[in-house]
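Inside the fold
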Amino acid sequence: MTDTSESWREQGENMGLNEETARIELYCNYRDKETWQEEADVENYSSLNKYLRDMINLGRVYRKEGTQGRQDADDRVQELEAQIETLQRELANQEPETIGPDVVDNALIETLLGEQYQTVEEILEQLTANENLQANLKKPVEDALYDLAGDGRAEYQEGWGWRLGGEQ
């Protein structure tokens, strides 16, 4: 059924609609309409029309402000990536100082080698189980844990051990 503007206005007035009200025809998949109606019902909209109007207005806001929000997010991502690069450079400069020949030496590695060939990963696995290495690492690890606890970044619970501290 095709309505002319005049007949629609007359019908709208008879239905109690404002004279500024205009009719829009919308065609969609039945499943979409059912989904929209269910959403409108859940949100307690009095009509599908009001629900769709609100969704269109929300889409406008998102389109208008969402673009700026994405730009802000992109800028923040770039800032964070720059910070990551800086921290990685600092870490790379610190690693040689924290892990040195006093922790792992040729004699220790030689004790782990045998008749069979081993990958570096296999040797590392043996190292972590090695009591001599654990003994050498225990004091520096404890010192680091106490430093973190002193800064409020770690905490100790008797019987449980250590965890990250501060507000979680």
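Structure shown above.
Everything numeric in this text was worked out from a predicted model, so none of it was measured.

Turning our attention to the overall build of the protein chain. Along the backbone of the protein chain there are 6 helices and 2 strands. Listing every helix and strand of the protein chain by position from the N terminus yields α-α-α-α-α-α-β-β. In the protein chain, which comprises 168 residues, the share counted as buried stands at 11%. Summarising the internal contacts of the protein chain: among those between residues at least 6 apart in sequence, 10% fall at separations of at least 24. Counting every atom, the protein chain has about 15,200 Å² of accessible surface; 51% of that belongs to carbon and sulfur.

Below, the discussion takes up the pattern of salt bridges. Taken as a whole and judged by the stated rule, the model has 2 salt bridges. Ionic pairing is found between Asp151 and Arg153, a salt bridge with its closest N-O pair at 3.9 Å. We note a salt bridge from Arg163 to Glu155, for which the minimum N-O separation is 2.7 Å. The exposure class assigned to Arg163 is exposed, which follows from its relative accessible area of 54%. Using a relative accessible area of 31% as the deciding quantity, one classes Glu155 as partly exposed.

Below, the discussion takes up the environment of Leu124. Mapped onto the secondary structure, Leu124 falls in helix 5 (residues 120-129). A relative accessible area of 46% means that Leu124 is categorised as partly exposed. Placed 12 residues apart in sequence, Leu124 and Leu112 show a C-alpha to C-alpha distance of 9.5 Å.

A few words now on a negative patch on the surface. Together, Glu34, Glu38, Glu39, Asp41 and Glu43 make up a negatively charged patch on the protein surface. Assignment of secondary structure puts Glu34 in helix 2 (residues 30-42).

What follows is about the packing of aromatic side chains. Applying the stated criterion across every chain, the model contains 3 aromatic pairs. Between Tyr156 and Trp162, the aromatic rings sit 5.2 Å apart at their centres with planes inclined by 50 degrees, giving tilted as the arrangement. For Tyr156, a relative accessible area of 47% puts it in the partly exposed group. Members of the aromatic cluster, connected to one another through ring pairs, are Tyr146, Tyr156 and Trp162.

Now for the layout of surface pockets. Of the voids in this model, the largest pocket is the one considered here, and its volume is about 820 Å³. Taken together, 21 residues form the lining of the largest pocket, with Ala22, Arg23, Ile24, Glu25 and Asn49 sitting closest to its centre. For the lining of the largest pocket, the secondary-structure elements that each account for two or more residues are helix 2 and helix 3 (48-98). For the lining of the largest pocket, the leading source of residues is helix 3, giving 7 residues. Counted by class, the lining of the largest pocket contains 13 nonpolar, 4 polar and 4 charged residues.

Rules behind the numbers
- Residues numbered from 1 in each chain as written.
- Predicted model: local features only at pLDDT ≥ 70, side-chain atom pairs only at ≥ 80, totals over all residues.
- Heavy atoms only, no water.
- Helix = DSSP H or I, 4+ residues; strand = E, 2+ residues; numbered from the N terminus.
- Buried < 20%, exposed > 50% of the residue type's maximum accessible area, 1.4 Å probe, protein only.
- Contact = heavy atoms within 4.5 Å.
- Areas by Shrake-Rupley, 256 points an atom, 1.4 Å probe, with all protein chains shown as cover.
- Salt bridge = Lys/Arg side-chain N within 4 Å of Asp/Glu carboxyl O.
- Patch = residues over 30% accessible without salt bridge, like charges linked within 9 Å, V, L, I, M, F, W, Y side chains within 5 Å.
- Lys, Arg positive; Asp, Glu negative; His and termini not counted.
- Charge placed at Lys NZ, Arg CZ, Asp CG, Glu CD.
- Phe/Tyr/Trp six-rings, centres within 6.5 Å; stacked < 30°, edge-to-face > 60°.
- 1 Å grid on protein atoms, 1.4 Å probe; cavity = no way out; pocket = protein on both sides within 12 Å on 5 of 7 lines; lining within 4 Å.
- Points joined across faces, edges and corners; volume = space filled by probe spheres on them.
- Nonpolar A, V, L, I, M, F, W, Y, C, P; charged D, E, K, R; others polar.

Keep in mind that these numbers describe shape and distance, not what the molecule does.
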